[in-house]
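Reading the structure
What follows is each chain in one-letter form.
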Amino acid sequence: MKDIIHLLPDNVANQIAAGEVVQRPASVVKELLENSIDAKATEINLIIKNAGKTLIQVVDNGIGMSSNDASICFERHTTSKINSAKDLFNIRSKGFRGEALASIAAVSHTELITRQSSNDLGKIVKIHGSKIVENKSIVSKIGTSIIVKNLFYNIPARRNFLKSDNVELKHIINEFHRTSIAHPEIKFIFNNNNSELFNLPESNLRKRIVNIFGSKSNEKLVPVNEETEILKINGFVFKPEYSKKSRGEQFFFVNNRFIKSPYLNHSVNTAFEGLIDLKYNPSYFLFMDVNPKSIDINIHPTKTEIKFDDEHSIYAILRSAVKHSLGQFNIAPILDFSHDKNMELPYSYRNKKVVEGVGIDINENYNPFQTTNTKSSENIYLDLDKNSQFNQDQINSIEEDSRVNTLDFKDDNNFDSNSVYQLNKKYLINKIKSGIVIINQNRAHQRILYEKFLKFITVDGSTPQKLVNPLKMNLSIQEVNLLFNYKKLLKSSGFLFKKISNNDLNFEAIPTFLDPNKVESYIEDLLNNIKDEIPDKNFSKSDLTAKLMSKSLAIKNGKKLLIDEQEYIVNSLFACKEPNVSPFNKKIYHTITFDELEKKFL
Ligand code: ADP
Ligand code: MG
């Protein structure tokens, strides 16, 4: 029989290899940034157009390449970083596989300009899908610039597989964070669609984190330092109270290389045990130094997963180091995550009825106790939220809490006081003619808010409530951009804000029915939800915004509600167009008929 096995042509082999290394624009960004770091650059510029789909450029002031090296660096397995297999066990550089440039060049239009300080002239090499189309000398700066255009132009399936610009940009920003946090000694500039997203001067780790995540992060940081025979740890964790429901900022670096490790993540989580709710995730920036011989980085083409020789010890050391730091910095257990302003009130005020603002800036027109018989449902919601802000302690301390949670509640309200009952601070039980309905309070409120916001956004806009004290919020550039993406929709919902610097937004108005003193936590919730949301192809931005806002602003389960708040939820829910399911398609209530109940007692 005829022989059928043959060697694949280089361009095909490169395309196949590219599939492993280059999954999306962010992978190109990662590889190019790493090459610049390996080239000892002290300043690196990243330039992106259309989330990297049309252009990715990295310019560095590193050592550059010789004329010959510039011609062969795009071939597979060409590297200056290792010579023999034994070097694999002592890797200090980022790259070593000699695959990245070959892979990138196989699936894009790539252009390299590079010059070493010892040469007067530099070199330009252009390459289209692994084929060199230009290769000549050129006058250029010392260092290297690589331009990658039209990624996956020759693999339509891959190109179609790319997500929206927002999502791809988010991936790029994540890579940029990882690389720039690992190298605070290098200056980084990141331009996206001609606007500067980050400008990070050369600094130390603490300042780098603050430059990326906003000046507020400074006070959140707790240093972690530990040195043992097999492992050196340094870095920071965020104080427990800044833990997030979403993943938060979680960074592990081993020998200065960002790695993903659910196992080590678990170790840090257990160090926070007792300090944070299980649903929350701590943020951390932790650097571990180990003997390169004791790890294997080469188990994954993108080098983000590694194998440790002694995983169990590392787990234990890491946990105890973080625990120790939290203890040393006197971080006592903090169980309340609602940022309840009550916690900040002097103790003697806690059990008093708040009539005025108790030293807290509040909306002058707002009266926290003006709940009874209010006709406008919006006002009731304002109160509802207000109560959670100012009066939770008062509510808790009212003897036996006769206004809340009792079946035989009576007062001068003109509704049937036996009709609603709150169970476990989570369910509202409402008697109806044929039986009872059991309502999940959070989902019900999400539905109410969702319909309200959708109407504001699509039909008539909300009348904003001007803030007596506009709120300046210091955010990361990424967060500012995220909110700007939604600016128009947020405006029709009642949120008005202006940019006062790359990092600061000024909130001037919020929807009428929200508590002006909680703007900050609303925005934080909203940002987290926006960050967590990866919109699918056919999403409607209006709908998504209404959903995100309802999720962010709805009263949570676990919140004790006043009887009129319970009433408000029940009544408004059943006035909704679609009271059965939450905006996220979760069942809002169940009914049990008296017949069913009778049967249970047969
Ligand atoms: P690796 O980084 O694994 O060695 P790459 O394909 O990423 O493989 O790069 C191939 C080689 O090209 C590198 O080993 C290095 O010598 C050279 N190189 C790539 N980028 C740069 C740069 N920005 N400055 C100087 N040399 C570079
Ligand atoms: Mg490389």
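Since the model is a prediction, treat every value here as computed from it, not as a measurement.

So, on to the sheet that holds strand E16 (residues 420-423). Ordered by their spatial adjacency, 4 strands build an open sheet running E16-E17-E18-E22, and the pairing between neighbours is antiparallel. Every interior strand has two partners, whereas the edge strands, E16 and strand E22 (589-593), have only one. Taking each pair of neighbouring strands and ignoring which way they run, the sheet shows an average axis angle of 20 degrees. Bridging between strand E17 (residues 427-432) and strand E18 (residues 435-440) involves 6 bridges; their strand directions are antiparallel. Bridge pairing in E18 links Asn430 to Val437. Running over the sheet, helix H17 (residues 563-574) touches E16, E17, E18 and E22 and is turned about 105 degrees from E16.

The next thing to look at is a nonpolar patch on the surface. On the surface, Leu8, Val12 and Ile16 cluster together to form a nonpolar patch covering roughly 250 Å² of accessible area. Note that Leu8 resides in the segment before helix H1 (10-21). You can call Leu8 partly exposed: its relative accessible area is 41%.

We now examine a negative patch on the surface. Residues Asp296, Asp309, Asp310 and Glu311 make up a contiguous surface patch of negative charge. Examined against the element boundaries, Glu311 turns out to sit in helix H9 (residues 311-328). Given a relative accessible area of 32%, Glu311 falls into the partly exposed group.

Okay, the site of ligand 1 next. Not every one of the 19 residues close to ligand 1 is listed here, only the nearest: Asn35, Thr79, Ser80, Lys81 and Gly98. With respect to ligand 1, the backbone of Ala100 contributes an N or O atom lying 3.3 Å from an oxygen atom. Leu101 places a main-chain nitrogen or oxygen 2.9 Å from an oxygen atom of ligand 1. In isolation ligand 1 exposes 530 Å². Once the protein is present, 93% of that is buried. Where the shell around ligand 1 is concerned, the elements lending two or more residues are helix H2 (25-38) and helix H4 (100-106).

Once that is clear, we can look at the environment of Gln116. With respect to the element layout, Gln116 can be found in the loop between strand E3 (109-115) and strand E4 (122-128). On a C-alpha basis, the gap between Gln116 and Asn61 in space is 9.7 Å, while along the polypeptide they are 55 residues apart. What Gln116 contacts, discounting residues up to four positions off in sequence, is Ile63, Gly64, Met65 and Ser66.

If charged atoms from side chains of opposite charge come close, those side chains can pair. Under the definition given, this model contains 12 salt bridges. Here Arg24 ties to Glu168 by a salt bridge, and the two come within 3.0 Å at their closest N and O atoms. In this pair, Arg24 is assigned in the loop between H1 and H2 and Glu168 in helix H6 (residues 165-182), connecting sequence segments 144 residues apart. For the pair Arg24 and Glu168, a shared accessibility class is recorded, and that class is buried.

In the sheet, E4 pairs with strand E5 (residues 131-138) via 7 bridges, with the strands oriented antiparallel. Bridging from a neighbouring strand, Ile124 pairs with Lys136 of E5. Turn length for the E4-E5 hairpin, with the two strands adjacent in sequence and antiparallel, is 2 residues, and the turn residue Gly129 shows positive phi of about 50 degrees.

Here we come to the packing of helix H8 (residues 262-271) against H9. The N-to-C vectors of H8 and H9 enclose an angle of 30 degrees; their axes lie 8 Å apart at closest approach. The chirality of how H8 crosses H9 is right-handed. Only Glu311, His312, Ile314, Tyr315, Leu318, Arg319, Val322, Lys323 and Leu326 of H9 make contact with H8, whose side of the interface consists of Tyr263, Leu264, His266, Ser267, Val268, Thr270 and Ala271. Counted by class, the contact of H8 with H9 contains 9 nonpolar, 4 polar and 3 charged residues.

Taking strand neighbours across the sheet as the criterion, the 8 strands line up as E5-E4-E3-E6-E2-E1-E7-E8 in an open arrangement whose pairing is mixed. This sheet does not close on itself; its edge strands, each paired only once, are E5 and strand E8 (195-200). Taken over all neighbouring pairs, the strand axes of this sheet differ in orientation by 10 degrees on average, direction set aside. Direction of pairing for strand E1 (residues 43-49) relative to strand E7 (residues 187-192): parallel, over a ladder of 6 bridges. Bridge pairing links Ile44 to Phe188 in E7. Sheet contacts for H2: E1, strand E2 (55-60), strand E6 (143-149) and E7; angle to E2, the most-contacted strand, approximately 10 degrees.

The next subject is the nonpolar core. Counting 58 residues, the largest nonpolar core has Leu32, Leu46, Ile181, Phe190 and Phe285 as its most contacted members. If sequence neighbours within four positions are ignored, Phe285 has contacts with Ile181, Ile209, Phe213, Leu221, Asn234, Gly235, Phe236, Phe238, Glu249 and Phe251. If you look at the next biggest cluster of nonpolar residues, it comprises 33 residues, including Tyr450, Ile457, Leu526 and Leu527.

Given two aromatic rings, their pairing is described by the distance between the two centres and the angle made by the two planes. The tally for this structure, following the rule as stated, stands at 18 aromatic pairs. For the ring pair Phe176 and Phe190, a centre distance of 5.0 Å and an interplane angle of 55 degrees mean the geometry is tilted. Of this pair, Phe176 sits in helix H6 while Phe190 is found in strand E7, placing the two residues 14 residues apart along the sequence. On the accessibility criterion, Phe176 (0% relative accessible area) is buried. Considering the side-chain rings of Phe251 and Phe285, the 5.4 Å spacing of their centres and the 15 degrees angle between planes classify their relative orientation as stacked. On the criterion of sequence distance, the pair formed by Phe251 in strand E11 (residues 250-254) and Phe285 in strand E13 (residues 284-289) is long-range, its members being 34 residues apart. For Phe251, a relative accessible area of 6% corresponds to the buried category. Residue Phe285 is classed as buried on the basis of its relative accessible area of 0%. Taken together through their ring pairs, the aromatic side chains of Phe213, Phe238, Phe251, Phe253, Phe258, Phe285 and Phe287 make up a single cluster. Stacked on the ring of Phe161, the Lys or Arg Lys163 has its end atom at 5.5 Å from the ring centre.

Criteria and cut-off values
- Residues numbered from 1 in each chain as written.
- Chains lettered and ligands numbered in written order.
- Predicted model: local features only at pLDDT ≥ 70, side-chain atom pairs only at ≥ 80, totals over all residues.
- Heavy atoms only, no water.
- Pairing = 2+ DSSP bridges.
- Helix = DSSP H or I, 4+ residues; strand = E, 2+ residues; numbered from the N terminus.
- Axes fitted to C-alpha atoms, helices over the stretch in contact; angles between N-to-C directions.
- Contact = heavy atoms within 4.5 Å.
- Patch = residues over 30% accessible without salt bridge, like charges linked within 9 Å, V, L, I, M, F, W, Y side chains within 5 Å.
- Areas by Shrake-Rupley, 256 points an atom, 1.4 Å probe, with all protein chains shown as cover.
- Salt bridge = Lys/Arg side-chain N within 4 Å of Asp/Glu carboxyl O.
- Buried < 20%, exposed > 50% of the residue type's maximum accessible area, 1.4 Å probe, protein only.
- Lys, Arg positive; Asp, Glu negative; His and termini not counted.
- Charge placed at Lys NZ, Arg CZ, Asp CG, Glu CD.
- Near = heavy atom within 4 Å.
- Polar contact = N/O pair within 3.5 Å; in protein donor to acceptor, adjacent residues only side chain to side chain.
- Left-handed = near helix turned anticlockwise from the far one by under 90°.
- Nonpolar A, V, L, I, M, F, W, Y, C, P; charged D, E, K, R; others polar.
- Core = buried A, V, L, I, M, F, W, Y, C linked by side-chain atoms within 4.5 Å.
- Phe/Tyr/Trp six-rings, centres within 6.5 Å; stacked < 30°, edge-to-face > 60°.
- Lys NZ or Arg CZ within 6 Å of the ring centre and 35° of its normal.

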